[in-house]
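Given next are the chains, with one letter for each unit.
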Amino acid sequence: MRRMSQTAIDKQPQFLGHPIGLFILFFTEMWERFSYYGMRGLLRAYMVYYLFSMTNLALYPEQGPEVTGTPVNPMNVWGFDLLYGFYGSESINDFASQLYGLYTALVYATPFIGGIIADRYLGQRKTVVIGGVIMAIGHFVMASEQAFFVALALLIVGNGAFKPNISTQVGDLYAQGDPRRDGAFTIFYMGINLGATICNFVCATLAQIYGWHYGFGAAGVGMCLGLIVYLGGARFLAPEKPRTGSAAAAAAAGGAPASLTNDEWTRIGALGVLFLLNISFWAVYEQQGNTLQAWADTQTIWPRIGDFQIPAAWYQSFNPAVIIFLAPLLDMFWQWQKGRGSEPSSVAKMAIGSILLGLSFIVMAYGASVVGDGQGSLFWPLFCTFILTVGELYLSPIGLSLVTKVSPARIVSMMMGLWLGSSFLGNYLAGYLGTFYDDMTKPRFFLMLSSIGIATGLIMWAFNRPLKSALGSEAPAKAH
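For clarity, every value in this text was computed on a predicted model and none was experimentally measured.

**Regarding the overall build of the protein**
Part 1 of the argument: Across its full length, the protein carries 17 helices and four strands.
Part 2 of the argument: Here the protein holds 480 residues, and the buried ones make up 58% of them.
Part 3 of the argument: Considering only contacts in the protein between residues 6 or more positions apart, those separated by 24 or more positions represent 81%.
Part 4 of the argument: Carbon and sulfur atoms form 66% of the exposed surface of the protein, whose accessible area is close to 18,800 Å².

**Quick look at the nonpolar core**
Burial of nonpolar side chains together is a common tendency in soluble globular proteins.
Part 1 of the argument: Counting 130 residues, the largest nonpolar core has Phe 52, Phe 148, Phe 361 and Phe 446 as the members making the most contacts within it.
Part 2 of the argument: Broken down by element, the residue count for this core peaks at 18 residues, all from helix H2 (residues 20–51).
Part 3 of the argument: Dropping the residues within four chain positions of it, Phe 148 is found in contact with Leu 43, Tyr 46, Met 47, Leu 51, Phe 52, Val 77 and Met 142.

**A look at a nonpolar patch on the surface**
Part 1 of the argument: On the surface, Ile 113, Ile 117, Tyr 121, Leu 122 and Ile 130 cluster together into a nonpolar patch covering about 460 Å² of accessible area.
Part 2 of the argument: The leading source of residues in the nonpolar patch is helix H4 (residues 92–122), at four residues.
Part 3 of the argument: In this structure Ile 117 comes out as partly exposed when scored by relative accessible area, which is 32%.

**Section: H2**
Part 1 of the argument: Between its first and last C-alpha, H2 extends 44 Å over 32 residues, near the 46 Å set by a 1.5 Å rise per residue.
Part 2 of the argument: Of all the bends found along H2, the most pronounced is centred on Ala 45 and spans about 40°.
Part 3 of the argument: Of all 32 residues in H2, 29 are buried; the element is thus mostly enclosed.

**Focus on the packing of aromatic side chains**
Part 1 of the argument: Evaluation of the coordinates by the stated rule reveals 36 aromatic pairs.
Part 2 of the argument: When the ring of Tyr 46 is compared with that of Phe 148, the centres are 5.8 Å apart and the planes differ by 50°; the resulting orientation is tilted. Pair noted here: Tyr 46 is in helix H2 and Phe 148 is in helix H6 (residues 148–172), with a separation of 102 residues, a long-range link. Grouping residues by exposure puts Tyr 46 and Phe 148 together as buried.
Part 3 of the argument: For the ring pair Phe 52 and Phe 149, a centre distance of 6.3 Å and an interplane angle of 20° mean the geometry is stacked. Placement of Phe 52 in the loop between H2 and helix H3 (80–87) and of Phe 149 in helix H6 is noted, with a sequence separation of 97 residues between them.
Part 4 of the argument: Taking the relative accessible area as the measure of exposure, Phe 52 reaches 0% and is therefore buried.

**Remarks on the environment of Asp 182**
Part 1 of the argument: Mapping Asp 182 onto the fold places it in helix H7 (residues 181–210).
Part 2 of the argument: C-alpha separation for the pair Asp 182 and Leu 400, spaced 218 residues apart in sequence, amounts to 8.9 Å.
Part 3 of the argument: Here Asp 182 is in contact with Ser 401 and Lys 405, once residues within four sequence places are set aside.

**Concerning the side chain of Gln 299**
Part 1 of the argument: On the secondary structure map, Gln 299 appears in the loop between helix H11 (291–298) and strand E3 (304–305).
Part 2 of the argument: Of note is the side chain of Gln 299, whose polar atom sits 2.9 Å from the backbone oxygen of Gly 372.

**Focus on the confidence of the model for the protein**
Part 1 of the argument: Looking at the protein as a whole, the pLDDT averages 84, with 87% of positions reaching at least 70.
Part 2 of the argument: Contacts for the low-pLDDT stretch residues 248–256, under 50 throughout, to residues beyond four places or in other chains number seven contacts.

**As for the side chain of Ser 450**
Part 1 of the argument: If you trace the backbone, Ser 450 turns up in helix H16 (residues 442–462).
Part 2 of the argument: Judged by its relative accessible area of 4%, Ser 450 is buried.
Part 3 of the argument: Only 2.7 Å separates the side chain of Ser 450 from the backbone oxygen of Gly 358, close enough to count as a polar contact.
Part 4 of the argument: With residues up to four places along the chain from it excluded, the contact list for Ser 450 reads Gly 358, Leu 359, Phe 361 and Ile 362.

**Concerning the environment of Arg 40**
Part 1 of the argument: Along the chain, Arg 40 turns up in helix H2.
Part 2 of the argument: Arg 40 gets classed as buried once you look at its relative accessible area, which sits at 5%.
Part 3 of the argument: The residues contacting Arg 40, other than those within four sequence positions of it, are Tyr 100, Thr 104, Glu 286, Gly 289 and Gln 316.
Part 4 of the argument: Within the structure, Arg 40 has its side chain in polar contact with the side chain of Glu 286 (distance 2.9 Å).

**Side note on helix H8 (residues 212–232)**
Part 1 of the argument: Relative to the 30 Å expected for 21 residues at 1.5 Å per residue, H8 spans 31 Å between its end C-alpha atoms, a close match to the ideal helical length.
Part 2 of the argument: Regarding H8, the residues found buried are Trp 212, Gly 215, Phe 216, Ala 218, Ala 219, Gly 220, Gly 222, Met 223, Gly 226, Leu 227 and Tyr 230.
Part 3 of the argument: Buried residues belonging to H8 abut H2, helix H5 (124–141), H6 and H7.

**Structural notes on empty space enclosed by the protein**
Part 1 of the argument: Counted by the stated rule, this structure contains five cavities of 30 Å³ or more.
Part 2 of the argument: Estimates place the volume of the largest cavity at around 300 Å³.
Part 3 of the argument: Forming the walls of the largest cavity are 23 residues, and the residues nearest its centre are Tyr 37, Tyr 108, Tyr 189, Glu 392 and Ser 396.
Part 4 of the argument: Of all the elements in the fold, those that place two or more residues in the lining of the largest cavity are H2, H6, H7, helix H10 (262–285), helix H12 (318–339), helix H14 (379–406) and helix H15 (412–434).
Part 5 of the argument: In terms of residues, the lining of the largest cavity owes the most to one element, H7, which gives four residues.

**Remarks on the pattern of salt bridges**
Part 1 of the argument: Scanning all chains against the criterion turns up four salt bridges.
Part 2 of the argument: Among the salt bridges present, the one from Glu 32 reaches Arg 33, with a minimum N-O distance of 2.6 Å. For the pair shown, Glu 32 and Arg 33 are each scored as buried.
Part 3 of the argument: As a salt-bridge pair, Arg 40 and Glu 286 come within 2.9 Å of each other at their nearest N and O atoms. Of this pair, Arg 40 sits in helix H2 while Glu 286 is found in the loop between H10 and H11, placing the two residues 246 residues apart along the sequence. The same class applies to Arg 40 and to Glu 286, which are both buried.

Definitions and limits used
- Residues numbered from 1 in each chain as written.
- Predicted model: local features only at pLDDT ≥ 70, side-chain atom pairs only at ≥ 80, totals over all residues.
- Heavy atoms only, no water.
- Helix = DSSP H or I, 4+ residues; strand = E, 2+ residues; numbered from the N terminus.
- Buried < 20%, exposed > 50% of the residue type's maximum accessible area, 1.4 Å probe, protein only.
- Contact = heavy atoms within 4.5 Å.
- Areas by Shrake-Rupley, 256 points an atom, 1.4 Å probe, with all protein chains shown as cover.
- Core = buried A, V, L, I, M, F, W, Y, C linked by side-chain atoms within 4.5 Å.
- Patch = residues over 30% accessible without salt bridge, like charges linked within 9 Å, V, L, I, M, F, W, Y side chains within 5 Å.
- Salt bridge = Lys/Arg side-chain N within 4 Å of Asp/Glu carboxyl O.
- Expected span 1.5 Å × (residues − 1).
- Bend = angle between axes of the 7 residues up to and from the residue.
- Phe/Tyr/Trp six-rings, centres within 6.5 Å; stacked < 30°, edge-to-face > 60°.
- Polar contact = N/O pair within 3.5 Å; in protein donor to acceptor, adjacent residues only side chain to side chain.
- pLDDT = per-residue confidence, 0-100.
- 1 Å grid on protein atoms, 1.4 Å probe; cavity = no way out; pocket = protein on both sides within 12 Å on 5 of 7 lines; lining within 4 Å.
- Points joined across faces, edges and corners; volume = space filled by probe spheres on them.

What follows is the structure, given as structure tokens:
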């Protein structure tokens with residue numbers, strides 16, 4: 001696998017002002033996210049309306065997605081009795097919410113380990129390929145109902161190897177101080193969301209027409225396509241940095257690993273504060289695939305196109321579609337602010353994002369009071385999602401870029417894993433918060449989410465100045 005030097009990267013053909021390697025990573029991540037979100041969009045409904053639906057039939061919802069297949073006996077699923085007994089859920093909705101939170105949490109916990117493995121032993125490229133292969137296997141194992149939890153475990157492990165090491169390779173394409181880096185991550189983020197947009201039209205439609213396993217199988221095909229793009233375009237990617245456990249790294253450090261400087265520890269500490277605050281953001285944000293999807297399933301009127309009933313899972317494509325539309329516009333807005341000297345700092349942008357997230361659920365609280373126990377317009381979940389998507393753009397890609405800018409170069413994959421680790425706790429908390437969906441009135445539940453989002457944003461705003469100072473005005477850390 002031939003590697004390019006930084007000079008060669010700078011001289012390679014440019015597209016939209018960026019090296020071709022960025023678009024190799026763009027399409028690799030697009031197909032990986034196609035597979036992840038295609039599966040995630042089906043996950044909760046698959047558990048509630050098919051895989052576990054024979055449990056506690058008295059609480060089984062009357063309404064749900066029209067997907068083919070006769071519900072199976074959940075006791076035939078390996079590990080079901082153990083997990084169901086552990087959570088002690090009376091409602092299959094609560095159990096599915098907790099499992100959804102546990103799965104999406106663990107997806108973001110393993111990248112920390114994957115980052116360490118890449119930094120110390122295998123390098124980013126090998127770790128990405130290994131992770132992609134494991135994920136593809138996991139998607140195809142979903143065809144076995146008995147091995148449902150085995151499939152989830154494979155997806156969790158594979159994502160841990162893949163996710164942190166594909167993101168850090170974006171930053172590696174640019175020299176320290178290159179002003180194009182934030183824009184590169186915005187473009188990369190669009191790739192994530194292009195995959196997340198098209199996946200539900202493919203996977204959910206196949207699941208509705210032909211059965212659940214066709215939808216999961218399509219997700220596996222998407223992961224394979226991502227691996228083909230990555231391996232085929234590897235020559236356009238940045239050279240790998242010496243691994244901390246390699247002889248090259250030891251030689252570069254004078255025969256012994258270099259210790260972190262006080263400045264680097266300060267930067268790491270500042271990032272750690274942001275990681276902790278992100279937990280609350282993701283706990284609220286991830287209700288998209290959990291309780292907001294439940295609202296879309298049971299309390300939203302979905303139109304028909306002729307004889308075709310639009311699947312409720314198509315709701316999951318609205319958020320990424322809005323991102324694709326808004327990301328370049330928001331980037332231009334920030335450039336305009338920069339020209340006027342009024343662009344917010346990265347920390348301020350993240351605070352704005354969390355406040356917008358909280359405000360979005362006021363829409364749902366009002367909508368829930370209007371709809372009551374019946375079914376209502378698409379407007380409520382879609383307008384809520386539009387606002388929270390703007391909030392996401394102010395926080396998520398900015399955070400990814402910030403990690404690559406201020407982390408010590410030799411532990412950047414590990415730090416990216418820690419950034420994703422904040423999503424681990426946030427997603428697990430999202431599952432716990434989702435258990436209140438049936439226990440509280442819907443307006444009170446959505447107002448609770450709103451309060452969490454707004455409070456988190458206000459705390460970030462209060463810490464804006466000290467965090468900005470600790471991050472050194474977001475200047476890149478010195479390499480050793």
